[in-house]
Amino acid sequence: MATANKNLSEYDKNTIPSAKDFRFGIVVSEWNDKITEGLFSGAEKALLDCDALPANIVRWNVPGSFELIYGAKRMIETQNVDTVIVIGCVIQGETKHFDFVCEGVTQGIKDLNVQTDVPVIFCVLTDNNEQQSIDRSGGVHGNKGTEAAIAAIKMAYLRQQSSK
Ligand SMILES: Nc1c(NC[C@H](O)[C@H](O)[C@H](O)CO)[nH]c(=O)[nH]c1=O
Ligand SMILES: CC(=O)[C@@H](O)COP(=O)(O)O
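In this text the structure is predicted, and so the values were computed from the model without any measurement. (Residues numbered from 1 in each chain as written. Chains lettered and ligands numbered in written order. Predicted model: local features only at pLDDT ≥ 70, side-chain atom pairs only at ≥ 80, totals over all residues.)

With that settled, the discussion passes to the sheet that holds strand β4 (residues 120-127). Judged by pairing direction, the sheet is parallel, and its four strands sit side by side in the order β2-β1-β3-β4 without closing on themselves. One side of each edge strand has no neighbouring strand; the edge strands of this open sheet are β2 (57-62) and β4. If you compare each strand with its neighbour and ignore which way they point, the axes differ by 15° on average. Across five bridges, strand β1 (residues 24-29) lies against strand β3 (residues 83-91) in parallel orientation. Bridged to valine 27 within β3 is valine 86. The strands touched by helix α3 (residues 97-115) within the sheet are β3 and β4, with β4 carrying the most contacts at an inclination of about 170°. (Pairing = 2+ DSSP bridges. Helix = DSSP H or I, 4+ residues; strand = E, 2+ residues; numbered from the N terminus. Axes fitted to C-alpha atoms, helices over the stretch in contact; angles between N-to-C directions. Contact = placed C-beta atoms within 7 Å.)

Below, the structure is given as structure tokens:
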């Protein structure tokens, strides 16, 4: 199902565990910050709506999406978080750099999910143009940050339940 057929901001609180016992790391890319701030806002609002404590949300900024990998790694190593959300926005330019950034970030975040015990949620837009990013960060298609927050809660809960 394409995003066009699913609003990214929709969720049913009755199907989501309470977030009050979980500690969240959020690493935010400064590239395309108008977009990434919108994604962060969606994520933060959803976490708080699901009972996360403000003191349990740790936010760090990094220069660009490629640095999300190291930022998430250090967040896991030092902040005692139950899950990490990485937030970025990569927009196609004139060259193949888009392809390498997107692939690098995707593989790096995948590696963290394999190599660490903390789920890392992929909230990175990889869009053809800025309008697509606007549409997915609080626009007509909702907010991918909201979607990522719900995924983070569910994965933190799965991690907690599977460790018993
Ligand atoms: N063009 C975009 C970038 N490029 C920068 C890289 O992410 C990285 O910071 C740089 O290569 C230095 O390591 N980053 C984005 O997040 N979005 C873009 O559209
Ligand atoms: C994703 C990028 O790195 C890209 O936006 C940079 O633009 P360009 O390919 O025109 O250098």
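What follows covers the site of ligand 2. The immediate surroundings of ligand 2 are formed by Val90, Ile91, Gly93, Glu94, Thr95, His97, Phe98 and Val101. Put simply, the parts of the chain that give the shell around ligand 2 at least two residues each are β3 and α3. Looking at the shell around ligand 2 element by element, the count peaks at three residues for α3. (Near = placed C-beta within 6 Å.)

A separate point is the environment of lysine 154. Within the secondary structure, lysine 154 sits in helix α5 (residues 144-161). Overall, lysine 154 belongs to the partly exposed group, with 17 C-beta atoms counted inside 10 Å. For the pair lysine 154 and threonine 126, spaced 28 residues apart in sequence, the C-alpha to C-alpha distance is 23 Å. In contact with lysine 154, not counting residues within four places along its chain, are Ile16 and Pro17. (Buried ≥ 20, exposed ≤ 12 C-beta atoms within 10 Å, placed from the backbone.)

The next thing to look at is the UniProt feature "binding site: 5-amino-6-(D-ribitylamino)uracil" (unreviewed entry) in the protein chain. Here the UniProt-annotated "binding site: 5-amino-6-(D-ribitylamino)uracil" (unreviewed entry) positions come out as Trp31, Ser65, Phe66, Glu67, Cys89, Val90, Ile91 and Phe122. Mapped onto the elements, serine 65 comes out in the loop between β2 and α2 (68-78). On the neighbour-count criterion, serine 65 (28 C-beta atoms within 10 Å) is buried. Discounting residues that sit within four places of it in the chain, serine 65 has contacts with Ser29, Trp31, Gly88, Val90, Val101, Val105 and Val124. Here phenylalanine 122 is to be found in strand β4. For phenylalanine 122, a count of 18 C-beta atoms within 10 Å corresponds to the partly exposed category. Setting aside its immediate chain neighbours within four residues, phenylalanine 122 contacts Val86 and Ile109. (UniProt positions renumbered as here; feature names shortened; annotations may be inferred.)

It is worth spelling out the environment of valine 81 at this point. Topologically, valine 81 is positioned in the loop between α2 and β3. Accessibility expressed as a C-beta count within 10 Å gives 24 for valine 81, which makes it buried. For the pair formed by valine 81 and leucine 112, sequence separation is 31 residues and the distance between their alpha carbons is 14 Å. Those residues in contact with valine 81, other than ones at most four positions away along the chain, are Arg23, Phe24, Gly25, Val58, Met75, Ile76 and Val118.

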